[in-house]
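Listed below are the residues making up each chain.
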Amino acid sequence: MESYVERAPLPGLAGVVRTVWVQRTGDAAYVQRHLPTGGVEIHFPICGRPQLVGPLTGPEVEVIPAHTTIVGVRFHPGTAPPLPAVLDDLVDQRLGLAELWRSSADRLVEAIALAGTPERALRFLQVHLLQEFRPTVCVDPLVGEAVQALMPWHSVNIDSLATHLALSASQLRRRCLQAVGMSPKVLQRTLRFQGFLALAQAGATPTGRRGADGMAGLAVDAGYADQAHLSRECLRLTGVTPRQLLGGDIERCACGHDHSASYAPFLATRSQAATTRPVLLDSFKTRRHARA
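Residues numbered from 1 in each chain as written. Predicted model: local features only at pLDDT ≥ 70, side-chain atom pairs only at ≥ 80, totals over all residues. Heavy atoms only, no water.

**Q** What is the right way to look at the environment of Leu-267 in this model?
**A** As for its placement among the helices and strands, Leu-267 is situated in helix H11 (residues 260-291). With 69 residues separating them in the primary sequence, Leu-267 and Ala-198 have C-alpha atoms 6.7 Å apart. With sequence-adjacent residues up to four places away left out, Leu-267 is seen in contact with Ala-198, Leu-199 and Ala-202. (Helix = DSSP H or I, 4+ residues; strand = E, 2+ residues; numbered from the N terminus. Contact = heavy atoms within 4.5 Å.)

Okay, structure coming up:
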């Protein structure tokens, strides 16, 4: 029987990793629809060839063979293990970890094959990231601030955001392309859709704005103009309509997986949005004046 279980990463990775998971297929191959999240991912089949999946700008459909177990890591936008290229060169690409990490990848493949259980294999992968890569991860602090400001609960104009960060619009775009793999606008749209999925997964009740309940209400709460706006973006990012993606049920996507660990960071920022947004804007203004 196919299963997919997400969980929070080890504490030392929490600042760079959004979630980790174990996926198992049953007696039949499983068709997996990967969606844009704004970050890179590591897909590590036990006794298979591990891959780094670059930032996605649209859906990627993968057929996972029967009797396959995969452990995975999903990074926050703007964070990733050290790579030989900037992220905009890896958009919508899959690369073998052996090409990126050389002998280190070979040792990790062997260790995970001998782990004994998927849970131990996932821990080995995370410990490896902590030991080998976490000390050398360099996160662009301004891009980190931009990612937080572009979360779905904040209504932020890209040009205004660049000004608050004491950057030109072209500088912000260039730094986002290098550190995230996509422009600020594309990242904003991706995060907004992730916010909608987070609300749907949590079974959130719409805030009750006039004429907006059910899926339409969640669309407005996530920052869309209306349900039609959500539908257009869903088709662009997933290849299917919201109803098809969620199986006609706004409380869970049609795949039947529990993605609560992945969407917890989005829901946490939503609850803080009302108080943090003024603080964010004040800090941007202070930074701008300090650099003037």
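**Q** Would you take a moment to explain the nonpolar core for this structure?
**A** Buried together is how nonpolar side chains tend to be arranged in soluble globular proteins. One finds Leu-161, Leu-172, Phe-193, Phe-196 and Leu-197 to be the most contacted residues of the largest nonpolar core, which totals 42 residues. In terms of residues, this core owes the most to one element, helix H7 (residues 184-201), which gives eight residues. Ranked by size, the runner-up nonpolar core spans 27 residues in total, among them Val-73, Ala-80, Leu-87 and Leu-108. (Core = buried A, V, L, I, M, F, W, Y, C linked by side-chain atoms within 4.5 Å. Buried < 20%, exposed > 50% of the residue type's maximum accessible area, 1.4 Å probe, protein only.)

**Q** How do you make sense of a nonpolar patch on the surface when you look at a structure like this?
**A** A surface patch of nonpolar side chains, about 280 Å² in accessible area, is lined by Val-31, Val-61 and Val-63. Mapped onto the elements of the fold, Val-31 is located in strand E3 (residues 30-34). Classification of Val-31 as exposed rests on a relative accessible area of 54%. (Patch = residues over 30% accessible without salt bridge, like charges linked within 9 Å, V, L, I, M, F, W, Y side chains within 5 Å. Areas by Shrake-Rupley, 256 points an atom, 1.4 Å probe, with all protein chains shown as cover. Salt bridge = Lys/Arg side-chain N within 4 Å of Asp/Glu carboxyl O.)

**Q** I tried to follow the pattern of salt bridges on my own but got confused; where do I start?
**A** Pairs can form between side chains of opposite charge once their charged atoms are near each other. This model, assessed by the stated rule, comprises nine salt bridges. Among the ionic pairs, Glu-62 bridges to Arg-94, the shortest N-O distance being 3.2 Å. Separated by 32 residues along the polypeptide, Glu-62 in strand E6 (residues 60-64) and Arg-94 in strand E8 (residues 94-96) bring together distant segments of the chain. Two residues, Glu-233 and Arg-189, come together in a salt bridge whose shortest N-O distance is 3.0 Å. Remark: Arg-189 occurs in helix H7 and Glu-233 occurs in helix H9 (residues 227-238); sequence separation between them is 44 residues.

**Q** Help me understand the side chain of His-229 in this model?
**A** Secondary-structure assignment places His-229 in helix H9. The buried category is assigned to His-229, whose relative accessible area is 18%. Setting aside chain neighbours within four positions, we find His-229 in contact with Arg-192 and Tyr-224.

**Q** Can you help me understand helix H3 (residues 118-133) in this one?
**A** An α-helix turns once every 3.6 residues. As a result, residues three or four positions apart point the same way. In this model H3 runs 22 Å from its N-terminal to its C-terminal C-alpha over 16 residues, within 8% of the 22 Å that 1.5 Å per residue would give. For H3, the set of buried residues is Pro-118, Ala-121, Leu-122, Leu-125, Gln-126, His-128, Leu-129 and Phe-133. Along the long axis of H3, the arc covered by the buried residues comes to 150 degrees, so they all point the same way. Packed against the buried residues of H3 are strand E1 (3-7), strand E2 (17-24), strand E4 (41-45), strand E7 (69-75), helix H1 (97-101) and helix H2 (103-113). (Expected span 1.5 Å × (residues − 1). Arc of directions from axis to C-beta.)

**Q** In this structure, what is going on with the side chain of Thr-37? I would like to understand it.
**A** Here Thr-37 shows up in the loop between E3 and E4. Here the side chain of Thr-37 touches Gly-39 through a polar contact of 3.3 Å, landing on its backbone nitrogen. When residues no more than four places from it in sequence are discounted, the contact partners of Thr-37 are Arg-18, Arg-74, Pro-77, Thr-190, Leu-191 and Gln-194. (Polar contact = N/O pair within 3.5 Å; in protein donor to acceptor, adjacent residues only side chain to side chain.)

**Q** What is the right way to look at the sheet that holds E4 in this model?
**A** Strand pairs in the sheet, formed through backbone hydrogen bonds, run parallel or antiparallel to each other. Judged by pairing direction, the sheet is antiparallel, and its six strands sit side by side in the order E1-E2-E7-E4-E5-E8 without closing on themselves. Since the sheet does not close on itself, it has two edges, and those belong to E1 and E8, each with one partner. Strand-to-strand twist across the sheet, computed as the mean angle between neighbouring axes with direction ignored, equals 20 degrees. Inspection of the sheet shows strand E5 (residues 51-53) paired to E8 by three bridges, in the antiparallel sense. Looking across to E8, one finds that Gln-51 is bridged to Gly-96. Contacts from H3 reach E1, E2, E4 and E7 within the one sheet, and its direction differs from that of E7 by about 35 degrees. (Pairing = 2+ DSSP bridges. Axes fitted to C-alpha atoms, helices over the stretch in contact; angles between N-to-C directions.)

**Q** How should I be thinking about H7 in this particular structure?
**A** Under the 1.5 Å per step criterion, the end-to-end length of H7 is 25 Å for 18 residues, consistent within 8% with the ideal 26 Å. Judged by how many residues are buried, H7 sits mostly within the fold: 16 of 18 residues are covered.

**Q** It is not clear to me how the packing of aromatic side chains should be interpreted in this structure. Could you clarify?
**A** The way to describe two aromatic rings as a pair is by their centre distance and the angle between their planes. The full count for this structure, using the stated rule, is three aromatic pairs. With 6.5 Å between their ring centres and 70 degrees between their planes, Tyr-263 and Phe-266 make a pair best called edge-to-face. Residue Tyr-263 and its partner Phe-266 are both found in helix H11; the two are separated by three residues, about one turn of the helix. There is no split in this pair, since Tyr-263 and Phe-266 are both buried. Geometry around Trp-153 places Arg-270 over its ring, the cationic atom sitting 5.7 Å from the centre. (Phe/Tyr/Trp six-rings, centres within 6.5 Å; stacked < 30°, edge-to-face > 60°. Lys NZ or Arg CZ within 6 Å of the ring centre and 35° of its normal.)

**Q** Just to check I follow, could you spell out the pairing of E3 for this structure?
**A** Within a regular beta strand, the side chains point alternately toward one face of the sheet and then the other, so they alternate between its two faces. What you see with E3 is a clean split: Tyr-30, Gln-32 and His-34 sit on the buried side and Val-31 and Arg-33 on the side with no burial. With five bridges joining them, E3 and E6 adopt antiparallel strand pairing. Within the sheet, the bridge partner assigned to His-34 lies in E6 and is Glu-60.

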